[in-house]
Every structure is written in structure tokens, then in C-alpha cells.
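Examining the three-dimensional arrangement
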Amino acid sequence: MGPSREELLAGLQEAGRVHSNAAVMYHAAISARMELSPVEEKTLDLLQRSGALSAGELGELTGLAPASVTGLIDRLERKGFARRVRDPQDGRRVNVEADPQAEARFAPLFAPFAAELAGLYAEYSDAELAVVLDFLRRSARIQREAIRAITEQE
């Protein structure tokens, strides 16, 4: 007989904390190498995955206050990682987009990690990967909701 549900839940709690620490430290190392703060690096990731976003959308996705978002955009622009662009649908609106060269600047740092993950994924069946994917999506949603709850208390 395998571990009890209580043991599994305790293991998940511990593994989640270890995973979170590893992710934060990994991105802190990447950020430091690129001379960005971790918030700047993860915001750039949002821009690369989402495309151009307004300051308000960035605030919603990051949980940062409007003044903090403005400073964040200023820093990313000054460091050459992002730029403000007019919204093609509404010329009054300004969006922020990742500099097209930014992803190429990060690629050498992420490539070895991505290769290791690809090897790990290969060890799981499609059904197992579907469970992992579901868990990651749902736990990220819970975490974003927790961020909102914390920032709304300010």
C-alpha cells in the first residue's frame, strides 16, 4: 500500500514550497544576469507571451499599483527591453511591448533548462502530462487570486 492521503498532501505541501523556492531563485539568477529585477524579468515574460499590453493590463496581471507599473515600464524601456507603442486600434491608447530582440538575449540562459524539462516531460505519458498541466493551470489561478487578495488589502 502506498502513502496515505495525509502523507501525500504533506508531500505536496513541501514539494510546492521547494518548487516555489527553486523558481524564485532561478528567476532571480536570470534577472541578475540580465541586470533586471525579478519583477522586471517576469513582466518582460508576460509581454513576450501576451504581446503588447496597456499599463492597466500589466497592473492587473502583476498586481502592482498604477504608479509602480509606470516606474516598471520606464525602467524596462530605459534598459532597452520594452517600448511604448500606440495602440493600432485606438491611437489615444499606449501599450507596452517587449523589444523583439529581448527574447534572443534571454535564449542562451533558458536553453539548457528547457532541454532538461523536455527530457523530464518525455518520461510521462500523455495522460500524466494532462494531469500536471491541469494542476499547474489551476494552482496558478489560485495564486493569482491570492496576489489580488493581498494587494487589495493595501
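Residues numbered from 1 in each chain as written. Predicted model: local features only at pLDDT ≥ 70, side-chain atom pairs only at ≥ 80, totals over all residues. Heavy atoms only, no water.

Time to look at a nonpolar patch on the surface. On the surface, Leu120, Tyr121 and Tyr124 cluster together into a nonpolar patch covering about 300 Å² of accessible area. Structurally, the position occupied by Tyr121 is in helix 5 (residues 102–121). (Patch = residues over 30% accessible without salt bridge, like charges linked within 9 Å, V, L, I, M, F, W, Y side chains within 5 Å. Areas by Shrake-Rupley, 256 points an atom, 1.4 Å probe, with all protein chains shown as cover. Salt bridge = Lys/Arg side-chain N within 4 Å of Asp/Glu carboxyl O. Helix = DSSP H or I, 4+ residues; strand = E, 2+ residues; numbered from the N terminus.)

Core analysis: the largest hydrophobic core is formed by 17 residues, its most contacted members being Leu36, Leu44, Leu47, Leu58, Phe81 and Phe106. Elements supplying a minimum of two residues to this core: helix 2 (38–50), helix 4 (66–78), strand 3 (94–98) and helix 5. No other element matches the 4 residues that helix 4 contributes to this core. Those residues in contact with Leu44 that sit more than four places away from it in its chain are Leu36, Phe81, Ala98, Ala102 and Phe106. (Core = buried A, V, L, I, M, F, W, Y, C linked by side-chain atoms within 4.5 Å. Buried < 20%, exposed > 50% of the residue type's maximum accessible area, 1.4 Å probe, protein only. Contact = heavy atoms within 4.5 Å.)

A few words on the layout of surface pockets. Put simply, the largest pocket is a space of about 2,600 Å³. Lining the largest pocket are 47 residues, with His19, Ala23, His27, Lys42 and Gln143 sitting closest to its centre. At 14 residues, helix 1 (residues 5–33) tops the list of elements feeding residues into the lining of the largest pocket. Class assignment for the residues of the lining of the largest pocket results in 30 nonpolar, 10 polar and 7 charged. (1 Å grid on protein atoms, 1.4 Å probe; cavity = no way out; pocket = protein on both sides within 12 Å on 5 of 7 lines; lining within 4 Å. Points joined across faces, edges and corners; volume = space filled by probe spheres on them. Nonpolar A, V, L, I, M, F, W, Y, C, P; charged D, E, K, R; others polar.)

This part takes up the pattern of salt bridges. Side chains that carry opposite charge are capable of pairing whenever their charged atoms lie near each other. The tally for this structure, following the rule as stated, stands at 12 salt bridges. A salt bridge links Glu97 to Arg83, with the shortest nitrogen-to-oxygen separation between them at 2.7 Å. In this pair, Glu97 is assigned in strand 3 and Arg83 in strand 2 (residues 82–86), connecting sequence segments 14 residues apart. You can call Glu97 partly exposed: its relative accessible area is 22%. The exposure class assigned to Arg83 is partly exposed, which follows from its relative accessible area of 34%. What you see here is one network of salt bridges that share partners, running through Glu40, Arg75 and Lys79.

The next subject is the packing of helix 2 against helix 3 (residues 55–62). Running from N to C, helix 2 and helix 3 cross one another at 120 degrees; their axes reach a closest spacing of 11 Å. Crossing handedness for the pair helix 2 and helix 3: right-handed. Contact with helix 2, carried on its side by Thr43, Leu46 and Leu47, involves Leu58, Leu61 and Thr62 of helix 3 and no other residues of that element. (Axes fitted to C-alpha atoms, helices over the stretch in contact; angles between N-to-C directions. Left-handed = near helix turned anticlockwise from the far one by under 90°.)

Glancing now at the sheet that holds strand 3. Pairing in this open sheet of 3 strands is antiparallel, and the strands run 1-3-2 from one edge to the other. A single partner strand is all that each edge strand has here, and the edge strands are strand 1 (53–54) and strand 2. Note that strand 1 and strand 3 share 2 bridges and pair antiparallel. Looking at strand 3, one finds that Leu53 is bridged to Val96. Set on the sheet, helix 2 makes contact with strand 1, strand 2 and strand 3; between it and strand 3 the angle comes to about 100 degrees. Helix 4 contacts strand 2 and strand 3 of the sheet and is inclined by roughly 110 degrees relative to strand 2. (Pairing = 2+ DSSP bridges.)

This part covers empty space enclosed by the protein. Applying the stated criterion across every chain, the model contains 1 cavity of 30 Å³ or more. Looking at the largest cavity, its volume works out to about 50 Å³. Together, Glu60, Leu61, Thr62, Gly63, Arg144, Ile147 and Arg148 line the largest cavity. For the lining of the largest cavity, the class distribution of residues is 2 nonpolar, 2 polar and 3 charged.

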